[in-house]
Amino acid sequence: MEWSLGAGLESRSVVVTGAGGGIGAAVTEALVASGAHVTAVDVSAESLQSALGHLDSDMVKLFTGDLRDHESHSAIIGAAQESAPLYGLVNCAAVLRRRGDVRDVTEDDWDFQHDINLKAAFFLCRRAAETMREAGTQGRIITFSSQGWWTGGFGGSVAYAATKGGVVSMTRGLARTYGPAGITINSVAPGQARTDMLLTDLDQAVLERMIEQTPLARIAEPSEVAGVVLFLLSDHASFITGSTLNVSGGLLMY
């Protein structure tokens, strides 16, 4: 086995959703550094260009689309397979609407977050896994949960936390379903990371309390989360499936 973090990823084709955001962009950069071909997906063409426009266009394909349109999933995977057979999916795409009082959560708030964070995640992961199984590819799928799946969420994020609990259960179910085909499916559960999603509309006092409760006494940089994703995509994680990796700086320990 090659003893580099991205072992086995050279010339592989990987889809990264939410690639215009902090963690998705960091994952894309890590994959390119490992020699992978990335189809970088985001709802915002401007965010994609701003975050990833400096990367080699031979290695990164920018794809603008709304994952709530399930018909787009086949197009995303088709675009990825122009480079090589689909090997990996990293589903970073998610949305968060904070509400200071749970009584302020509307049905639209609930549906918007569940449609993207959980519903679209299921159908995209299933499409990717079926593509791998049909091709006989022993690929990798990485979903994104959150420490909210365990805590119930901080800072007005109850509905968001509910979606992330669903992601954990979904990941386990898909791992059992596609394990016999050699496809591993795992989830990453970050704590506080320096992203727009965390910091937008978050009360500074709440953030400071979370940092105080974190043994490492800081929030993560997106690159620190990307390294965990790269490991799960690599040959080194070939016997890990159905897991939820805690990347919280010790905020939670389980």
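Treat the numbers as computed from the prediction; the structure is a model and nothing was measured.

J.: Explanation requested: the nonpolar core in the structure shown.
T.: Formed by 37 residues in total, the largest nonpolar core has its most connected members in V16, L31, V90 and V188. Secondary-structure elements contributing two or more residues to this core are β1 (13–17), α1 (22–33), β2 (37–42), α2 (45–52), β4 (86–91), β5 (140–144) and α9 (222–233). Residues contacting L31, with those up to four places away along its chain left out, are L9, V14, V16, A36, V38, L230 and L233. Residues V41, F63, L89 and M132 belong to the second largest nonpolar core, which totals 25 residues.

J.: I tried to follow the sheet that holds β4 on my own but got confused; where do I start?
T.: Sheets are built from strands paired through backbone hydrogen bonds, the pairs being either parallel or antiparallel. Taken together, seven strands build an open sheet; the order of strands is β3-β2-β1-β4-β5-β6-β7 and the sheet is parallel. Looking at strand neighbours, the two that pair on one side only are β3 (60–64) and β7 (244–247), the edges of this open sheet. In this sheet, neighbouring strand axes are inclined to one another by 20 degrees on average, regardless of whether the strands run parallel or antiparallel. With five bridges joining them, β1 and β4 adopt parallel strand pairing. Across the sheet, the residue bridging to S13 is L86, located in β4.

J.: Help me out: how do you make sense of unusual backbone geometry in this one?
T.: Excluding glycine, residues mostly have negative phi values, and the peptide bonds linking residues are mostly trans. Notably, S11 is not glycine yet its phi reads approximately 70 degrees, a positive angle. If you trace the backbone, S11 turns up in the segment before β1.

Each value, and the rule that gives it
- Residues numbered from 1 in each chain as written.
- Predicted model: local features only at pLDDT ≥ 70, side-chain atom pairs only at ≥ 80, totals over all residues.
- Heavy atoms only, no water.
- Core = buried A, V, L, I, M, F, W, Y, C linked by side-chain atoms within 4.5 Å.
- Buried < 20%, exposed > 50% of the residue type's maximum accessible area, 1.4 Å probe, protein only.
- Helix = DSSP H or I, 4+ residues; strand = E, 2+ residues; numbered from the N terminus.
- Contact = heavy atoms within 4.5 Å.
- Pairing = 2+ DSSP bridges.
- Axes fitted to C-alpha atoms, helices over the stretch in contact; angles between N-to-C directions.

The analysis is restricted to geometry; functional conclusions fall outside its scope.
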